Amino acid sequence: MSDNVPTKDNDKTYAPRFLVTQEEFDKATQEEIEKFNYVVDETPMTPPRTYSIPTEDGDE
Amino acid sequence: MSKGLTLDDAKSVILSFAESLNFRIPLDYKVRDSWKELYGVDGTAGGGFHSAESVSERGIVTIAAGNHRSKAALQRTLQHEVLGHYLINTYSPMEKKQIIRNIIASENSPSLSPHWEKVKTIYPDVPISIQAEEVYASIAERIDISPPFQLTTDNVSLNASKGVNDNEIAIEDIENSILTRFSLLKDGKIQQKTFPNTDVHSGPYVGSDLERRVTQWRNNHGMDKEIAKPTEPAPRI
């Protein structure tokens, strides 16, 4: 496959960012803000056309 | 507050999941207690995937923590969204298109038909290419990513594979594809290549499928005769 070749971005990592409400951000400790990389984002989102449906062990 | 996972539980599962991928995926996570808090409408769904628009941006995975009764259920949701919807978009648009075609060609195969039945029940009205991607994500949900696993050839996007139909693939092909690309992703060797503007769902493939179904509907409703063109107004004399 064409993309088995390493790219120049090989070492690039992305700390997950958690998009939180202003209220959640204000309540968080500095430690939490840093650990979870909090970013305030209250932008309304349009529901996706498809989504995952939680299943428990034994479901299916 | 629901009786499902707390926000703290959910964030901890997400961090572990991102770590299992060596933090190689450019995604943000929006975690709320309910679907309504995420999207303003009620729902029992667990999560959604919103692709980045370009390689320089991040996609978003949404999680309704309270709709999950266990951490294992949330792990499956993350695998559905990330190892399903993100990972399939690490193929080029042409490769992804071929995978989607192969999954569609395998709709009646013994190993994929249960996944197809589930998807068609939940999403009877979405285009077939989107249904096929849901089949891929549905398989990703329950794949065991705990090492060690044996990497094999990723032939899910190839034209010819096993089976009766030239394009038919088996569930093992998709599982191998996911595990192979999971490994490549962890090593930083692949990244997202297909974005919404180049996706098979937005291209002529979906259009032609829509056209086929419109034609079928018209035939079923006795509308197979050519529709008369509107007449032009009579010229003034």
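Up top is the structure these notes are about.
Residues numbered from 1 in each chain as written. Chains lettered and ligands numbered in written order. Predicted model: local features only at pLDDT ≥ 70, side-chain atom pairs only at ≥ 80, totals over all residues.

Regarding the overall build of chain A
Our working rule: Secondary structure elements follow DSSP: runs of H or I no shorter than four residues count as helices, runs of E no shorter than two count as strands, and numbering proceeds from the N terminus. Note on burial: count the other C-beta atoms lying within 10 Å of the residue's C-beta; 20 or more is buried, 12 or fewer is exposed, in between is partly exposed, and C-beta positions come from the backbone.
Looking only at helices and strands, one finds two helices and two strands in chain A. Shown N-terminal to C-terminal, the secondary structure of chain A runs as helices and strands in the order β-α-α-β. Buried residues in chain A amount to 18% of all 60 residues.

Examining the interface of chain B and chain A
Accessible area lost during the coming together of the parts is what is often quoted as the interface size. The cut-off we apply is this: Whether two residues are in contact is decided by their C-beta atoms, placed from the backbone, lying within 7 Å. Gly falls in the polar group here, along with every residue not listed as nonpolar (Ala, Val, Leu, Ile, Met, Phe, Trp, Tyr, Cys, Pro) or charged (Asp, Glu, Lys, Arg). A pair of strands is treated as paired once DSSP finds two or more bridges between them.
Facing 48 residues of chain B, the contacting portion of chain A comprises 32 residues. Every element with two or more residues in the side of chain B that touches chain A is listed here: α1 (7-20), β1 (27-32), α2 (35-39), β2 (47-50), α3 (71-88) and α6 (128-141) of chain B. Residues belonging to the side of chain B that touches chain A are distributed by class as follows: 21 nonpolar, 16 polar and 11 charged. Across two bridges, strand β1 (residues 17-20) of chain A lies against β1 of chain B in parallel orientation.

Comments concerning the nonpolar core
All names here are of chain B. Our working definition: Residues of type Ala, Val, Leu, Ile, Met, Phe, Trp, Tyr and Cys that are buried and joined through C-beta atoms within 7 Å form what is called a nonpolar core.
Ranked by internal contacts, the top residues of the largest apolar core, which has 58 residues, are Ala10, Tyr29, Val82, Leu87, Ile103, Val135 and Tyr136. With eight residues, α3 is the single largest residue contributor to this core. Other than its neighbours up to four places away in sequence, Leu87 contacts Val82, Ala140, Ile178, Arg181 and Leu185.

Remarks on the packing of helix α5 (residues 113-122) of chain B against α6 of chain B
Residues and elements named next belong to chain B. What counts is decided by this rule: Whenever a helix is involved, its axis is fitted only over the stretch in contact; in every case the axis is a line through C-alpha atoms, and angles between N-to-C directions fall within 0 to 180 degrees. Working definition: roughly parallel below 35 degrees, roughly antiparallel above 145 degrees, roughly perpendicular at 65 to 115 degrees, and oblique for all remaining angles. Left-handed describes a crossing in which the near helix is turned anticlockwise from the far one by less than a right angle; the clockwise case is right-handed.
Axis separation between α5 and α6 bottoms out at 9 Å; the angle between their running directions is 120 degrees. On the basis of the axis angle, α5 is oblique to α6. In the packing of α5 onto α6, the handedness of the crossing is right-handed. Of the residues in α6, those touching α5 at His115, Trp116, Lys118, Val119 and Lys120 are Gln131, Glu134, Val135, Ser138 and Ile139. Here the residues of the contact of α5 with α6 sort into four nonpolar, three polar and three charged.

Focus: unusual backbone geometry
Most of the time, phi is negative for any residue but glycine, and the peptide bond is trans. The phi dihedral of Asn37 of chain A falls on the positive side, at around 55 degrees, and the residue is not glycine. Of note, the phi angle at Asn22 of chain B is positive, near 55 degrees, even though the residue is not glycine. As for its placement among the helices and strands, Asn22 of chain B is situated in the loop between α1 and β1. Asn22 of chain B gets classed as partly exposed once you count the C-beta atoms within 10 Å, which come to 13.

What to know about the sheet that holds β1 of chain B
Strands sit in the order β2(A)-β1(A)-β1(B)-β3(B)-β2(B) across an open sheet of five strands; the sheet is mixed. Edge positions in the open sheet fall to β2 (38-40) of chain A together with β2 of chain B, since each of these has one partner strand only. Going from strand to strand, the sheet's axes swing by 25 degrees on average, the running direction of each strand aside. Sheet topology places β1 of chain B next to strand β3 (residues 59-64) of chain B; six bridges connect them, and they run parallel. Across the sheet, the residue bridging to Lys30 of chain B is Thr62 of chain B, located in β3 of chain B. Running at roughly 160 degrees to β1 of chain B, α1 of chain B makes contact with β1 of chain A together with β1 and β3 of chain B of the sheet.

Focus on the packing of α1 of chain B against α3 of chain B
All names here are of chain B. Relative to each other, α1 and α3 sit at 50 degrees, their axes nearing to 10 Å. Judged by the angle between their axes, α1 and α3 are oblique. The element α1 and its partner α3 pack so that their crossing is right-handed. Taking contact as the criterion, the partners of Asp9, Ala10, Val13, Ile14 and Phe17 in α1 are, on α3, Lys71, Leu74, Gln75 and Leu78. The class makeup of the residues in the contact of α1 with α3 is six nonpolar, one polar and two charged.

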